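# Examination of the molecular architecture
This is what each chain is made of:
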Amino acid sequence: MIVELGHFALVLALVLSLVQSVLPVTGALKGDARLMAVAPPVSVMLFLLVGLSFVALTVSYVTSDFSVLNVVENSHSTKPLIYKISGVWGNHEGSVLLWVLILVFFGALVGTFGSNIPAPLRSATLSVQSWITAGFLLFILATSNPFTRLARPPIEGNDLNPILQDIGLAIHPPLLYVGYVGFSITFSFAVAALLLGRIDAAWARWVRPWTLLAWVFLTLGISMGSYWAYYELGWGGWWFWDPVENASLMPWLAGTALLHSALVMEKREALKVWTILLAIFTFSLSLLGTFLVRSGVLTSVHAFATDPARGIFILVLLCLFIGGSLTLYAWRAPMLKQGGLFAPISREGSLVLNNLFLTAATVAVFVGTLYPLALDIVTGEKISVGAPFFNLTFGPILVPLLIAIPFGPVLAWKRGDLLAASQRLYAAFGISLLACLFCFWLWGMQRVLAPLGVGLAVWVMIGASAEILGRIRVREVGAARAFSRLTGLPGSTWGTAIAHFGVGVTLLGIVTASAFQTEQIRTMKPKDLVSLAGFELTFEGAVPRKGPNYTEEVAHFTVRQGGVEIARLDPSKRVYTARQMPTTEAAILTLGVSQLYLSLGESRGDGAVDVRVYYKPLITLIWIGCVIMAFGGLVSIADRRLRVGAPKPARKSKAVAAAQPAE
Amino acid sequence: MTRKQRRLTMIGAAGVVLAAAVGLILYALNDQIVFFQSPTDVVEKGIGPGQRIRLGGLVEEGSVVRADDAHVTFSVTDTSNSVKVTYTGILPDLFREGQGVVTEGTVGPDGVFVADNVLAKHDEKYIPKEVAEALKKQGVWKGDN
Amino acid sequence: MIFWILIAALTAVAALSVLVPFARANAGRAGASLTGAAADAAVYRQQLSEVDKDLERGMIDAEAAKAARTEIARRLLSAADAETAEQGGGSLSNWPRKLVFVVAAVLIPAAALGIYGLIGQPDLPDQPLVARLSAPAETQSVATLVARVERHLADNPEDGQGWEVLAPVYLRLGNAQSAAQAYFNTIRLLGPTSKRQADYGEALTMANSGIVSADARASFEKAVELDPKNAKARFFLALALGQEGKTGAAVVAWTSLLEGADPKEPWVPAARMQLAELKGEPVPGQAGAPVSGAQLPGPSAADVSAAQSMSADDRTAMIRGMVENLAGRLADGGGTVDEWLRLIRAYMVLGEKGKAEEALTTARQNLADNAEALSQINAFARDAGL
């Protein structure tokens, strides 16, 4: 019953989303408050309905209800509970349902907490959000229904792909989807503003918390995905430039650009046209990512089992949303008034620069991801574009951006003084130069890029902190005053500094882990020893073990440093019973922020086993930096100033009075 | 500066950055892409030593020979031709004789393909798309894909 | 019934979520809702106070603050103008009132139920696994019963009787791998007997597509050790010798096995065929489908005996199934000379000369780089008249 109830709730959500697609936006355009009033409660209702349907599917997974085809195909009664639950979104149908759930969740958030947003904009936004919701609900019910039933249920399911049976799958896709889909609300805001023809500085202020929220989750989602691939695939790599990874990186780059350009729009009412376009592009790239993953047009680690009908359906949705919004944009954008003026050297100028580089980086990733596809269609030639391409394009494009990061926040709005700004950064520059020289002294001249990379990372980190330190001016005002200044700084300033600092941390991790990783590949017999980066690993032998739904061969290793045992590592080779599918479980030893990574290969008849050991210095900084970035975003959201209270019915005279002193 | 001059400065700067980026992308596309080849392509087209390619096909039955320290040799075949491959490292979990595989590397002077990357499917439902198509050309693959 | 009540309630709540706010909102524009211009003005006033605060904190200098104030004030004024204009705007039409009521009260329930009626299966109850497993035994399928025993054994893995009951069922269901595991557990827990060892070996052999592996042979040898008369074990040992190419020893083994055997035993014809084939004699018994089963080294004796107790149609179907399996496997992954030969021979026996020729061509292509294999195939083709 619960299954069918969930199914019905989904159908009802489709119908209701169609109603929501029409009524509030009509109200906003005609100025009818009754129609607009419908939007918030219905947005909450949509969330409850899709939520009910999601819960119903989850229940059927947890109880192993094999009368549901989706459960049969992706679950197994012996699977641990957590993977029964995470299995709900470990497949195409369930993950689209999660996609829609997040879509309506953001709608409900705006419906509930968006009372500071003017009713017309809010209702139109919720309507636009419902267009997307209706499109995807239709997609689910027509091509990917998770509630398809079997009259004669089998007694056991096919189990979930073992690679996906990992705590990473419980965390990574939901985070990523919240980010991915979160940009839908920014898109809806942009389209609603275009429909209503009111695009001003206030719009940017209303949209900023939502953009930030999506960005925070996308940052976390991508970094968790990277860490998951790192330890689960057993290859020791943390980024593969796989098309699906790129598909999540593109909206992140565009979304980061959007965050920055919206700032200019909010403060100076400049870059309006560009910001709206970015909002449209960011979500379009999210949709494109969804299309790439699910249509099977690209070969990828992540590709779902695909079905051409689904691909075509998503392609149609993609064209409809992207084409429609761009048409609307082309029609409305020329009507926008010119915004505030600014000199090339200014805060605005630096943000424009940021946007330029981020856009160029997005284009590079876009070309690298889609060029093979285009070439295949045009000439039939099969190529792959891998890490070398991206290193050669993405890297050089980002370096100037990274150099520029510390300058942005210290430049004044409108007309900046580069010299004055540089003076505030000379300490940061000195420290990073020292770091750079120290690295040259430490590692010699063979690797020129690594010390430069470290120097750049230190520059970004210290430069980001210099911004805060510069503001409190300890030497001038004394410690007590300085502390109160510190706490008095607005959240968005803190957020900026923290997030920029995080960028530097990630960069440091990338540079050191790529340049100074050491590895050994050996065939080891029991009691054999391999030494690496000052560690000695002894293979103690392998023993079989049985897990809930797999059997595994666990190899025991002892790690010694200077003759002292510091840890034991147990990498294993698993075979999942239901699918008879093998996986490699790497063992990772975290030492400070560095890691020892141990992965098993084929085991030989005589008890020997192939072993690959890596030492990856400072590698965890890559993900720690991302978490710091996300934290910076959260601090920025928490800024009280973003929550402009709903104004009391404004009197015209008061508004003018408030404006007068400035005249 | 007048409004117009400012605009021009901005647009000029943007143009320079974008032109540089496009140049970089084009250069990289010329230089850094890797073509997918089947064993037949390698044999017939005579891929020169040192040229980086992706070689895909089926791992020939009985061809896998493992040596110490994770050195392995095997043959990749599209049933008409086969190419010998050497690789050092951990093979993917689903690397199997008779299954699809994609290897990346260069043809050595002795005609043996030296791979530095081996990809097998990640799921029993998945066969590398290029491999499937190359095999279809040879009339071997009968998947519904 | 409860289901339909819940459906009705859900639909009603959905309809009300449209109707209630619609009816409650004032028809006019005032009320709780906020016009664009007023909200804009609120933001700009806030920005003004922020400029003051920033100036106070020393984050911007006085000049910048003044410029910012001027700019924000300009926006504020234009927002105030817009507000006046909005207030002067025309009154609202009442057109959608009835329409909205119709949409909410009629269209939503009708469309939802209509679509659900098309794609839903309201009469299908939930079937959580635990409930299915605890249902009365007579209402359950074999698969369910197996699952029940499996559950029991998962909780009590040391229950040897349970494994012994389950093992032959697995074998009958074609799950030789699990059967072998179950026999293994039986022997481990209840101790070896000749019959168990022979059954274990048989399961291993079937799991290995009819080839007697070293493990299986060890088990059969143990069975013969425990009971030298164990016919099944001796049968498979003889088969193993034949598979290993030790023709002489195999002939001896088959002959001694058939000596004094009751000719009514189901395995006897299969044994005779094996013997005849090894000796190169014409195969006894009727020509056609059942014989071909024995000619294929692939299927185990158990398959063969199963084939003999089947109807002719079923038998052909089973053999065809096996042949197709083999063909599929070879198409996917190369295959050895012997496998190809087996396939071609099977097609010949089934009277499908076209397919045999096709397989021959493919085999030649596949084994092109193996001269020895090619000559073997060509020799076979000549003999078979292909």
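Residue positions are given per chain, counted from 1 along the sequence in the order it is written. Each chain takes a letter, starting from A, and each ligand takes a number, starting from 1, following the order in which they are written. Residues qualify for local features only when their pLDDT is at least 70, as the model is predicted, and side-chain atom pairs are given and counted only at 80 or more; totals for whole chains, interfaces and linings, by contrast, use all residues.

An unreviewed UniProt entry annotates chain B as Cytochrome c-type biogenesis protein CcmE originating from Roseibium litorale. Of chain B, the UniProt comment under Sequence similarities (unreviewed entry) reads exactly: "Belongs to the CcmE/CycJ family." UniProt positions are given in the numbering used here, feature names are shortened, and annotations may be inferred rather than shown by experiment. Within the UniProt record for chain B, the comment given under Function (unreviewed entry) is "Heme chaperone required for the biogenesis of c-type cytochromes. Transiently binds heme delivered by CcmC and transfers the heme to apo-cytochromes in a process facilitated by CcmF and CcmH."

By the naming in an unreviewed UniProt entry, chain A is Heme lyase CcmF/NrfE family subunit, taken from Roseibium litorale. Per its UniProt entry, chain A bears the Subcellular location (unreviewed entry) comment "Cell inner membrane". Per UniProt, the comment on chain A under Sequence similarities (unreviewed entry) is "Belongs to the CcmF/CycK/Ccl1/NrfE/CcsA family."

## Observations concerning the overall build of chain B
Starting at the N terminus, helices and strands are each numbered in turn, a helix being any DSSP run of H or I of at least four residues and a strand any DSSP run of E of at least two. Within chain B one finds three helices and seven strands. What you see in chain B, going N to C, is helices and strands ordered as α-β-α-β-β-β-β-β-β-α. Three classes are used. A residue is buried when 20 or more other C-beta atoms lie within 10 Å of its own, exposed when 12 or fewer do, and partly exposed in between, with C-beta atoms placed from the backbone. Taken over 145 residues, chain B has a buried fraction of 39%. Whether two residues are in contact is decided by their C-beta atoms, placed from the backbone, lying within 7 Å. Long-range contacts, defined here as pairs at least 24 residues apart, represent 49% of the contacts in chain B between residues at least 6 apart.

## Observations concerning the overall build of chain A
Each helix and strand in chain A was counted, giving 22 helices and 11 strands. Its C-alpha radius of gyration of 27 Å places chain A within 12% of the 26 Å reference for a compact globule of 663 residues. In terms of overall dimensions, chain A has a C-alpha envelope of 90 × 75 × 55 Å along the principal axes. Note on method: radius of gyration uses C-alpha positions; expected globular size equals 2.2 Å times residues raised to 0.38.

## Observations regarding the environment of Asp159(A)
Residue and element names in this part refer to chain A. Mapped onto the fold, Asp159 is located in the loop between helix H7 (119-143) and helix H8 (167-196). Between the alpha carbons of Asp159 and Val100 there is a distance of 24 Å; along the sequence they are 59 residues apart. With sequence-adjacent residues up to four places away left out, Asp159 is seen in contact with Ser75, His76, Lys79, Asn549, Tyr576, Ala578 and Arg579.

## A closer look at unusual backbone geometry
Residue and element names in this part refer to chain A. Positioned with a positive phi, Glu269 is a non-glycine residue whose angle comes to about 60°. Within the fold, Glu269 resides in the loop between helix H10 (243-268) and helix H11 (272-295). In this structure, Lys527 takes a positive phi of about 75° despite not being glycine. Tracing the sequence through the fold places Lys527 in the loop between strand S2 (518-524) and strand S3 (529-532). Judged by C-beta crowding, with 9 C-beta atoms within 10 Å, Lys527 ranks as exposed.

## Quick notes on the nonpolar core
All names here are of chain A. Working definition: the nonpolar core is a set of buried Ala, Val, Leu, Ile, Met, Phe, Trp, Tyr and Cys residues, joined through C-beta atoms within 7 Å. Grouped together as the largest cluster of nonpolar side chains are 219 residues, with contacts concentrated most on Leu12, Ala13, Leu16, Val50, Val100, Ile102 and Ala193. Of all the elements, helix H9 (residues 201-232) adds the most residues to this core, at 20 residues. Not counting chain neighbours up to four residues away, the residues in contact with Ala13 comprise Leu46, Leu49, Val50 and Leu137.

## A short note on the pairing of strand S5 (residues 550-561) of chain A
Working note: regular strand, side chains alternate between the two faces of the sheet. All names here are of chain A. Two strands pair when backbone bridges link them, and strand S4 (residues 535-546) and S5 are joined in this way by 11 bridges, in the antiparallel orientation. Across the sheet, Ala542 pairs through a bridge with Ala555, a residue of S5. Between S4 and the antiparallel strand that follows it, S5, lie three residues. DSSP calls a pair of strands paired once it identifies at least 2 bridges connecting them. Strand direction decides the pairing type here: S5 and strand S7 (residues 572-576), joined by five bridges, are antiparallel. Across the sheet, Val554 pairs through a bridge with Ser572, a residue of S7. Where S5 lies against strand S6 (residues 564-569), five bridges are found, and the strand directions are antiparallel. In the strand pairing of S6, Thr558 is matched with Arg568. Taking the residues between adjacent antiparallel strands as the criterion, S5 and S6 are bridged by two residues, where Gly562 takes a positive phi near 60°.

## Topic: the UniProt feature "transmembrane region" (unreviewed entry) in chain B
Within this numbering scheme, the UniProt entry marks residues 7-29 of chain B as carrying the feature "transmembrane region" (unreviewed entry). Taken as a whole, residues 7-29 of chain B contains 100% helix and 0% strand, while its terminal C-alpha atoms sit 32 Å from one another.

## Notes on the sheet that holds strand S9 (residues 587-591) of chain A
Residues and elements named next belong to chain A. What the four strands build is an open sheet, ordered S2-S11-S10-S9; its pairing is antiparallel. In this open sheet, the two edge strands, each paired with only one partner strand, are S2 and S9. For this sheet, the mean inter-axis angle between neighbouring strands, taken without regard to orientation, is 15°. Bridge count between S2 and strand S11 (residues 609-616): seven bridges; the pairing is antiparallel. Opposite Thr518, over in S11, you have Tyr615 as the bridge partner. For helices, the fitted line uses only the C-alpha atoms of the stretch in contact; every axis is such a line through C-alpha atoms, and the angle between N-to-C directions lies from 0 to 180 degrees.

## Section: the confidence of the model for chain B
All names here are of chain B. When pLDDT is averaged along chain B, the result is 78, and 81% of the positions lie at 70 or above. Least confident of the elements in chain B is helix H3 (residues 129-137), whose mean pLDDT is 59; most confident is strand S5 (residues 82-88), at 90. Here residues 140-145 scores under 50 on pLDDT; set against residues more than four positions off or in separate chains, the count is 10 contacts. Confidence metrics for the complex model read pTM 0.78 and ipTM 0.83. Scored between 0 and 100, pLDDT is the confidence that the predictor attaches to each residue.

## Side note on helix H21 (residues 620-637) of chain A
End to end, H21(A) covers 26 Å across 18 residues, agreeing with the expected 26 Å (1.5 Å per residue, within 8%). Counting buried residues in H21(A) gives 13 out of 18 residues, a clear majority hidden from the surface. Expected helix span is given by 1.5 Å per residue-to-residue step, counting one fewer step than there are residues.

## Overview of the packing of helix H7 (residues 160-172) of chain C against helix H8 (residues 176-190) of chain C
All names here are of chain C. As a packed pair, H7 and H8 sit with axes 8 Å apart at the nearest point and diverge in direction by 155°. Between H7 and H8, the interaxial angle falls into the category roughly antiparallel. Considering how the two elements wind past one another, H7 and H8 form a crossing that is left-handed. Between H7, through Gly160, Trp163, Glu164, Leu166, Ala167, Tyr170 and Leu171, and H8, the contact on the second element is made entirely by Ala176, Ser178, Ala179, Ala182, Tyr183, Asn185, Thr186, Leu189 and Leu190. What sets the label is the angle itself: under 35 degrees gives roughly parallel, over 145 gives roughly antiparallel, 65 to 115 gives roughly perpendicular, and the rest give oblique. Two helices cross in a left-handed way if the nearer one is turned anticlockwise from the farther one by less than a right angle. They cross in a right-handed way if the turn is clockwise.

## Points about the packing of helix H1 (residues 2-30) of chain A against helix H1 (residues 2-24) of chain C
Each pair of packed helices gets described by two things: the angle between the helix axes and the distance between those axes. Relative to each other, H1(A) and H1(C) sit at 20°, their axes nearing to 11 Å. Considered as vectors, H1(A) and H1(C) are oriented roughly parallel to each other. Once H1(A) is placed against H1(C), the crossing between them reads as right-handed. The residues of H1(C) that touch H1(A), namely those facing Glu4(A), Leu5(A), Phe8(A), Ala9(A), Leu12(A), Leu16(A) and Val19(A), are Phe3(C), Leu6(C), Ile7(C), Leu10(C), Thr11(C), Ala14(C) and Val18(C). Grouping the constituent residues of the contact of H1(A) with H1(C) by class yields 12 nonpolar, one polar and one charged. Each residue is assigned to one of three groups, with Ala, Val, Leu, Ile, Met, Phe, Trp, Tyr, Cys and Pro labelled nonpolar, Asp, Glu, Lys and Arg labelled charged, and all others, Gly among them, labelled polar.

## Concerning the domain arrangement of chain A
Residue and element names in this part refer to chain A. Its domain assignment divides chain A into domain 1 (1-165), domain 2 (405-516 + 621-634) and domain 3 (518-616). Taking only C-alpha atoms, the centre of domain 1 and the centre of domain 3 are 42 Å apart. With eight residues of domain 1 in contact, the opposing surface of domain 3 contributes nine residues. Looking at the side of domain 1 that touches domain 3 residue by residue, the class counts come to three nonpolar, three polar and two charged. Boundaries of every domain are those given by an automatic assignment or by a domain database.

## Points about the environment of Pro372(A)
Residue and element names in this part refer to chain A. Structurally, Pro372 is set in helix H13 (residues 347-379). We classify Pro372 as buried; it has 21 C-beta atoms within 10 Å. Residues Pro372 and Val385, spaced 13 residues apart in sequence, show a C-alpha to C-alpha distance of 7.0 Å. When sequence neighbours within four positions are dropped, the list of residues in contact with Pro372 reads Ile383, Ser384 and Val385.

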